[in-house]
Structure formats: structure tokens, C-alpha cells
Amino acid sequence: MRNTDHGFARRDDWNALKSDFDRLFLQVKQGEHGRDRVQYFRAVTYKEVGLRSPNVSFLHDAANQFVALAREIRPSQFGEESLYQAYLLYSDKLSLAKEADVVVQELKRRYPKSRYLYVLESKRQITPPRILRAQFAENASQKAARKLPVVVLDPGHGGEDDGAVGIGGLKEKNLTLSIAHETEKVLQGLGCAQVHLTRSFDTFLPLFERSEKANALHADLFVSIHLNADDHFPLKSQGMEIYTVSREASPEALGIVSRENASIDDLGGGLQSFLAELYQRGASAVSEPAARKLYNNMRSLFLSKWGGLRGRGVKQGPFYVLMGLEMPAVLLEVLFVTHPEDAMKLSNPQFRSDVATALAESICEYFEQ
Ligand SMILES: [Zn+2]
């Protein structure tokens, strides 16, 4: 099923938000509490407008604002993120190699232990920015001409971010990558969709980059793959659940939300939920049918295998990785790495392969409906 329905945030929405932040920025003085936040999100709104506009000056402004912010404040996650955002704009969107390099030097000087230094290094080694751009650039007529729908699989966590760690040292970041690779293989065999992964290696990838990749590909479905954990009552929690994004979380989802959002924790606060509201416009309604389809299908495919796949339901939560996506998007929590039975299954390659097959077949079913 193609997504032709557009409840998603558009350039006009971003423009309105950008004006709000321009006004807010004039009101908070240097040194005033919260100014860094306003500056950061103001730059984000410039970037989002720039990504939806033929006028590159917004992207220039955004990059300059990110750099100015990093120079103005004491080292913090905002400063570090800002330099990385500026680097991505200069290097991938504006092709300004010299400016990109200045930012990298600044990142090294101000944040010598930054996780982004590894990310930059691996980007340079694996995929030169030029190829990356060509790979992700697609215009409307190319999209119309394309035969197969596009699914983006997002293996959660990676690099220094292990995600949940469970029984026997099972690491979420490794399981998600293994399941994503297998699902990709099965999907390619089935031939019902074009598949892309947000990461193919054990590398750290910021949440905003995952959604930006999927938007740039004009994907038709986004599936973020995760493993669940319950550190307080490990024997009580087992089974699969699927989430769509929403501003509100069901009470039992709160712990999961904070774990999955952990890599951007310091960027929280009121402004983020303000942005989230804009970001998720319409996303939940279009994602719900996809979530139900995947959930029911995967459970029925497991009926006669592994004693069934215990289901915990389709739920909602403010997952950052699902925000800003312009396509139906779900977050799958396969099983609990902290539950003995679940962990035993997860450590078995045959089980992971069966999960991948069920997921791939369910994705095909979703597209064929
Ligand atoms: Zn996770």
C-alpha cells in the first residue's frame, strides 16, 4: 500500500514554527536560562525549512546558527549535537568540504571524546558523502516511476549505545542488527519491496539521522527494530509489542520510552514536546493500521512455532526515532532480553531467523493489501 495521505508537517508548518523561534530568540538574552535550547531548536527549524525549500540559504543559516551556538556555550550535549548537525549540513547538503572540515576540527578541540568523531571517521571510510547524497536523492517523478515500495529497517542502538543488556550479556544492539540483516535478506528473496537499513554495522547513529534517511528515500514504511527489557521485574515481562508514535504514553510504556530515547536525553524538556507535536502530525493515524497488520501477522505466523509469540499489544509512546517521519512508522519490541525464556530464544540464531522471516512476510502482506 502506497502512502499518498499527507497529514505530515509541511514547509508552511515549519515556516510558522521558525517564525516563533525567531521571536523567542530575540526575547532570551545571552546567559539566560534556556537560551541554548531556543538556539538549538531555532536552528532545527531553519534546517527543516531548508530541507523542504529550493532556497539553500536556510541550510546555510542553520549551519551557521549551529556553529555559533557551539561557540557560545560551555561544553554540553547541545554544543556537541550542534557541531555534528553543522557538519552534516556542510558536508552532505551543501557540499562545502572546507567548512565541514573546520567544524570537525572544532569538534575535536571542544569534545575530544565525542562519539561523533567515530561516526565521522566511519562515514569517511565507508560511504563518501557524495555517494550518500546520490543514493538518497530522489525526486517526485523518480518516486512515481518506481515499481516497488520502499521499506527502511532501523536496527536500534549501535556503537557505544548498547541498548538493553540482558541475560548472558545479550546486547540489544547486536540482536537488532542481526534481525535486520536477516529480514533484509528474506525481503530481497520475496521481492515485494526495496529494502534499506539505517545502519549496517555496529556504529552509533543519532536518532534524527535515522528518520532523515527514511524521509530522503521517500520510504513507504519505517520499521525500527528493538528488544525489550524489564530490569525491575524480569520474570514478569515477556513477549512482543509494537508501538506507533504519540505524544502521550500509556503508563507501562514510560520506562520503555525513556530507554529508547536515552541517547538524546539531555535534549528533552518542553520545547522537544512542542516540536514533537508538529513532527508527529498525522503520523499516528497512518501508522496504526501498519502496526496492527505487522502485529497480527507475526503472531499468526508463530502459532505453530516456538510455543507461539506472546503478544503484549499495539501501543503508543513518544519515541523520538519515529518523530518527523513522513511515512507510516512502527517500533517493534521483539522480546525481552531480561526474561529467561525470551532470552533463551533470542540467543538462538534459528529463532532470530524465524522472526526475520515472519517480519519480512508481514511487511509484504502490508504492502500487498
Ligand atoms: Zn531499543
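Preceding this section is the structure that the text describes.
Residues numbered from 1 in each chain as written. Predicted model: local features only at pLDDT ≥ 70, side-chain atom pairs only at ≥ 80, totals over all residues. Heavy atoms only, no water.

Asks: Would you take a moment to explain the overall build of the protein chain for this structure?
Replies: Looking only at helices and strands, the protein chain has 15 helices and six strands in total. Counting every position in the protein chain, which comprises 369 residues, the buried fraction comes to 56%. Of all intrachain contacts in the protein chain linking residues separated by at least 6 positions in sequence, the fraction that spans at least 24 positions is 80%. As displayed, the protein chain has an accessible area near 16,100 Å², and 53% of this comes from carbon and sulfur atoms. (Helix = DSSP H or I, 4+ residues; strand = E, 2+ residues; numbered from the N terminus. Buried < 20%, exposed > 50% of the residue type's maximum accessible area, 1.4 Å probe, protein only. Contact = heavy atoms within 4.5 Å. Areas by Shrake-Rupley, 256 points an atom, 1.4 Å probe, with all protein chains shown as cover.)

Asks: Just checking my understanding: could you explain the packing of aromatic side chains for this structure?
Replies: Geometrically, a pair of aromatic rings is defined through the distance of the ring centres and the angle of the planes. In this structure the tally under the stated criterion is 10 aromatic pairs. Here the aromatic residues Tyr40, Phe41, Phe66 and Phe78 are joined through ring pairs into a cluster of three or more. Over the aromatic face of Tyr46 sits the side chain of Lys18, whose NZ or CZ is 4.7 Å from the ring centroid. For Arg42, the ring lying beneath its charged end belongs to Phe25, and the centroid distance is 4.2 Å. (Phe/Tyr/Trp six-rings, centres within 6.5 Å; stacked < 30°, edge-to-face > 60°. Lys NZ or Arg CZ within 6 Å of the ring centre and 35° of its normal.)

Asks: Whenever I open this one, the sheet that holds strand β3 (residues 221-228) confuses me. Can you help?
Replies: As a general point, the strands of a sheet are linked pairwise by backbone hydrogen bonds and lie either parallel or antiparallel. With mixed pairing, the six strands of this open sheet are ordered in space as β2-β1-β3-β6-β4-β5. The sheet terminates laterally at β2 (194-197) and β5 (311-317), the two strands that pair on one side only. Adjacent strand axes in the sheet meet at a mean angle of 25°, parallel and antiparallel pairs treated alike. Two strands pair when backbone bridges link them, and β3 and strand β6 (residues 329-336) are joined in this way by six bridges, in the parallel orientation. Bridge pairing links Ser224 to Leu331 in β6. (Pairing = 2+ DSSP bridges. Axes fitted to C-alpha atoms, helices over the stretch in contact; angles between N-to-C directions.)

Asks: It is not clear to me how helix α5 (residues 97-110) should be interpreted in this structure. Could you clarify?
Replies: The periodicity of an α-helix, 3.6 residues per turn, causes residues three or four positions apart to be oriented the same way. With 14 residues, α5 ought to run about 20 Å at 1.5 Å a step, and its terminal C-alpha atoms sit 20 Å apart, in line with that. By the burial criterion, the buried members of α5 are Ala100, Val103, Val104, Glu106 and Leu107. The arc enclosing the buried residues of α5, seen along the axis, measures out at 160°, which places them on a common side. The outward face of α5, more than 90 degrees from its buried face, is lined by the exposed residues Lys98 and Arg109. (Expected span 1.5 Å × (residues − 1). Arc of directions from axis to C-beta.)

Asks: In this structure, what is going on with the coordination of the zinc ion? I would like to understand it.
Replies: Coordination angles at a metal have ideal targets, namely 109.5 degrees for four tetrahedral donors and 90 or 180 degrees for six octahedral donors. With distances of 1.9 to 2.5 Å, the protein atoms coordinating the zinc ion are His157 (NE2), Glu172 (OE), His226 (ND1), Glu260 (OE) and Glu260 (OE). Each donor residue of the zinc ion belongs to the same chain, and together they define the spacing H-x14-E-x53-H-x33-E. In this pair, His157 is assigned in the loop between β1 (150-155) and α9 (172-190) and Glu260 in helix α11 (residues 254-260), connecting sequence segments 103 residues apart. (Donors = N, O, S within 2.8 Å, 3.2 Å for Na, K, Ca; no water.)

Asks: What is the right way to read the environment of Pro234 from this model?
Replies: Its location among the elements puts Pro234 in the loop between β3 and β4 (240-245). Distance from Pro234 to Pro340, taken between C-alpha atoms, is 8.2 Å for residues 106 residues apart in sequence. Those residues within four positions of Pro234 in sequence are excluded, and the remaining contacts are Thr338, His339 and Pro340.

Asks: Honestly, the side chain of Arg115 in this entry has me stumped. Any pointers?
Replies: Inspection of the secondary structure puts Arg115 in helix α6 (residues 115-126). On the accessibility criterion, Arg115 (14% relative accessible area) is buried. At 3.3 Å, the side chain of Arg115 forms a polar contact with the side chain of Glu160. (Polar contact = N/O pair within 3.5 Å; in protein donor to acceptor, adjacent residues only side chain to side chain.)

Asks: Explain the environment of His181 here, please?
Replies: Summarising the element assignment, His181 is placed in helix α9. Residue classification places His181 among the partly exposed residues on the basis of a relative accessible area of 32%. Note: C-alpha distance between His181 and Ala356 (175 residues apart in sequence) is 8.4 Å. His181 has contacts with Leu197 and Ser200, leaving out every residue within four places of it along the chain. Within the local environment of His181, its side chain forms a polar contact with the backbone oxygen of Ser200, the two atoms lying 3.1 Å apart.

Asks: Sorry if this is basic, but what is going on with α9 here?
Replies: With 19 residues, α9 ought to run about 27 Å at 1.5 Å a step, and its terminal C-alpha atoms sit 27 Å apart, in line with that. Within α9, the full set of buried residues consists of Glu172, Lys173, Leu175, Thr176, Leu177, Ile179, Ala180, Thr183, Glu184 and Leu187. Among the residues trailing α9, Gly191 stands out with phi positive, at a value near 70°.

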